[in-house]
Amino acid sequence: MTVALVLLLGFAAGVLSGMFGLGRGLLFVPALSLVVGLAHLEAQATSLAAMIPVVAVGAWRQHGYGHVRWKPALAVGLTSAIGVAGGVVLADTLSDDTLRRLFAGLLVVIAARLAWSVRK
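### A few points about the packing of helix H3 (residues 40-64) against helix H5 (residues 96-117)
- Where H3 meets H5, the axes come as close as 8 Å, and the angle between the chain directions of the two elements is 60 degrees. By the angle between their directions, the pair H3 and H5 is classed as oblique. Taken together, the residues of H5 that come into contact with H3 (itself represented by His40, Leu41 and Gln44) are Asp96, Leu99, Arg100 and Phe103.
- Looking at the contact of H3 with H5 residue by residue, the class counts come to three nonpolar, two polar and two charged.

Given below as structure tokens:
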């Protein structure tokens, strides 16, 4: 795997995240797993770590435009951090195959919800 391909994946995921508010995990986890060759748990962990600078830059830029509502953001962020800690413990107990299947199921549900929301 070339560094250039990994950088290209990161840039593309960043552009899509900035344009659509798309969670990087939806893009990074499959890319890191399928393209880079990481195990699913490694892809999840790497995706979470990669989000730290992205979230900081995104929040800073959106704050400059006046779009950030800090009270709800902090409430969601703190409770999400607790959920992430529990999710990490759970993910560590599951097999790579089970994690892949659960993630695929999540993507199908998200796609179905999105398709349903634009049907009008």
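### What about the packing of aromatic side chains?
- Going through the model one piece at a time under the given rule, you end up with zero aromatic pairs.
- Just above the ring of Trp116 sits the side chain of Arg119; from NZ or CZ to the centre is 3.9 Å.

### Some points on the side chain of His40
- Topologically, His40 is positioned in helix H3.
- On the basis of relative accessible area, His40 is assigned to the buried category, the value being 3%.
- Non-local contacts of His40, meaning those with residues more than four positions away in its chain, are made with Val29, Ser33, Asp96, Leu99, Arg100 and Phe103.

### Structural notes on the pattern of salt bridges
- The tally for this structure, following the rule as stated, stands at two salt bridges.
- A salt bridge links Asp96 to Arg100, with the shortest nitrogen-to-oxygen separation between them at 3.0 Å. In this pair, Asp96 and Arg100 both sit in helix H5, four residues apart, roughly one turn of the helix.
- A relative accessible area of 29% places Asp96 in the partly exposed class.
- A salt bridge links Arg101 to Asp97, with the shortest nitrogen-to-oxygen separation between them at 3.0 Å. Of this pair, Arg101 and Asp97 are both found in helix H5, four residues apart, which corresponds to roughly one turn of the helix.
- Classification of Arg101 by relative accessible area gives exposed; the value is 60%.

Analysis parameters
Residues numbered from 1 in each chain as written. Predicted model: local features only at pLDDT ≥ 70, side-chain atom pairs only at ≥ 80, totals over all residues. Heavy atoms only, no water. Axes fitted to C-alpha atoms, helices over the stretch in contact; angles between N-to-C directions. Helix = DSSP H or I, 4+ residues; strand = E, 2+ residues; numbered from the N terminus. Parallel < 35°, antiparallel > 145°, perpendicular 65-115°, else oblique. Contact = heavy atoms within 4.5 Å. Nonpolar A, V, L, I, M, F, W, Y, C, P; charged D, E, K, R; others polar. Phe/Tyr/Trp six-rings, centres within 6.5 Å; stacked < 30°, edge-to-face > 60°. Lys NZ or Arg CZ within 6 Å of the ring centre and 35° of its normal. Buried < 20%, exposed > 50% of the residue type's maximum accessible area, 1.4 Å probe, protein only. Salt bridge = Lys/Arg side-chain N within 4 Å of Asp/Glu carboxyl O.

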